[in-house]
Amino acid sequence: MIIGVGIDVAEIERFGAALERTPQLADRLFVGSELTLPSGERRGIASLAARFAAKEALAKALGAPGGLLWSDAEVWVEESGQPRLRVSGTVAARAAELGVHSWHVSLSHDAGVASAVVVAEG
């Protein structure tokens with residue numbers, strides 16, 4: 001059963017400018033593994049913007065309650081390239097409250113915009 005659906009978009013240039021203006025912002029929004037590629041290189045701005053959109057979409061799928069911590073949601077990618085969500089802390093607590101057992105996530109970026117859709121399933 002679908003418990004919630006969220007969608008969000010982020011303008012890549014604007015997101016990159018925010019990260020430049022506030023260098024510590026990346027550490028507040030992402031866990032360390034989200035900031036780098038499997039090769040160890042720093043992840044590009046478009047990819048980070050898509051991950052941020054996924055976290056916003058995740059919050060919407062949970063009913064957008066206050067008090068969720070960005071670092072309690074992690075976007076990771078399987079070897080196949082399929083994105084996944086890993087939740088902990090405040091996000092896991094809200095998901096458990098709603099009966100969420102699994103997540104579906106889709107990321108995209110094109111034409112200066114990053115987007116994400118999240119489906120919470122129970």
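Everything that follows concerns the structure shown earlier in this document.
Note that this is a predicted model, so its numbers are computed, not measured.

Trainee: I keep staring at helix 1 (residues 12–21) and nothing clicks. Help me out?
Mentor: An α-helix turns once every 3.6 residues. As a result, residues three or four positions apart point the same way. Every buried residue of helix 1 is listed here: Ile 12, Phe 15, Gly 16, Ala 18 and Leu 19. Taken around the axis of helix 1, the buried residues stretch over an arc of 155°, which confines them to a single face. In helix 1, the exposed residues that point more than 90 degrees away from the buried face are Glu 13, Arg 14, Glu 20 and Arg 21. Of the surrounding elements, those touching the buried residues of helix 1 are strand 1 (2–11), helix 2 (25–29), helix 4 (45–61), strand 4 (102–110) and strand 5 (113–121).

Trainee: Before we go on, may I ask you to explain the environment of Val 117 in this structure?
Mentor: Inspection of the secondary structure assignment puts Val 117 in strand 5. In this structure, the C-alpha to C-alpha distance between Val 117 and Leu 58, residues 59 residues apart in sequence, is 8.0 Å. Non-local contacts of Val 117, meaning those with residues more than four positions away in its chain, are made with Gly 6, Ile 7, His 104, Val 105 and Ser 106.

Trainee: I would appreciate a short explanation of the nonpolar core in the present structure.
Mentor: The nonpolar side chains of soluble globular proteins are, as a tendency, buried together. Core analysis: the biggest nonpolar cluster contains 17 residues, and Leu 58, Leu 62, Leu 85, Val 100, Trp 103 and Val 118 have the highest contact counts within it. Looking at this core, the elements that each hand over two or more residues are helix 4, strand 2 (73–77), helix 5 (89–98), strand 4 and strand 5. Setting aside residues no more than four positions away along its own chain, Trp 103 makes contact with Leu 58, Leu 62, Arg 84, Leu 85, Val 87, Ala 95, Val 118, Val 119 and Ala 120.

Trainee: Would you take a moment to explain the side chain of Lys 55 for this structure?
Mentor: With respect to the helices, strands and loops of the structure, Lys 55 is situated in helix 4. Judged by relative accessible area, which is 2%, Lys 55 ranks as buried. If we ignore the near neighbours within four places in the chain, the residues touching Lys 55 are Leu 29, Phe 30, Val 31, Glu 34, Trp 70 and Ala 73.

Trainee: Before we go on, may I ask you to explain the packing of helix 1 against helix 4 in this structure?
Mentor: Each pair of packed helices gets described by two things: the angle between the helix axes and the distance between those axes. Packing of helix 1 against helix 4 brings their axes to within 9 Å, and their N-to-C directions diverge by 95°. The angle between the axes of helix 1 and helix 4 places the two elements in the roughly perpendicular class. Contacts between helix 1 and helix 4 involve Ile 12, Phe 15, Gly 16 and Leu 19 from the former and Ile 45, Ala 46, Leu 48, Ala 49 and Phe 52 from the latter. Taken together, the residues of the contact of helix 1 with helix 4 break down into eight nonpolar, one polar and no charged.

Analysis parameters
- Residues numbered from 1 in each chain as written.
- Predicted model: local features only at pLDDT ≥ 70, side-chain atom pairs only at ≥ 80, totals over all residues.
- Heavy atoms only, no water.
- Buried < 20%, exposed > 50% of the residue type's maximum accessible area, 1.4 Å probe, protein only.
- Helix = DSSP H or I, 4+ residues; strand = E, 2+ residues; numbered from the N terminus.
- Arc of directions from axis to C-beta.
- Contact = heavy atoms within 4.5 Å.
- Core = buried A, V, L, I, M, F, W, Y, C linked by side-chain atoms within 4.5 Å.
- Axes fitted to C-alpha atoms, helices over the stretch in contact; angles between N-to-C directions.
- Parallel < 35°, antiparallel > 145°, perpendicular 65-115°, else oblique.
- Nonpolar A, V, L, I, M, F, W, Y, C, P; charged D, E, K, R; others polar.

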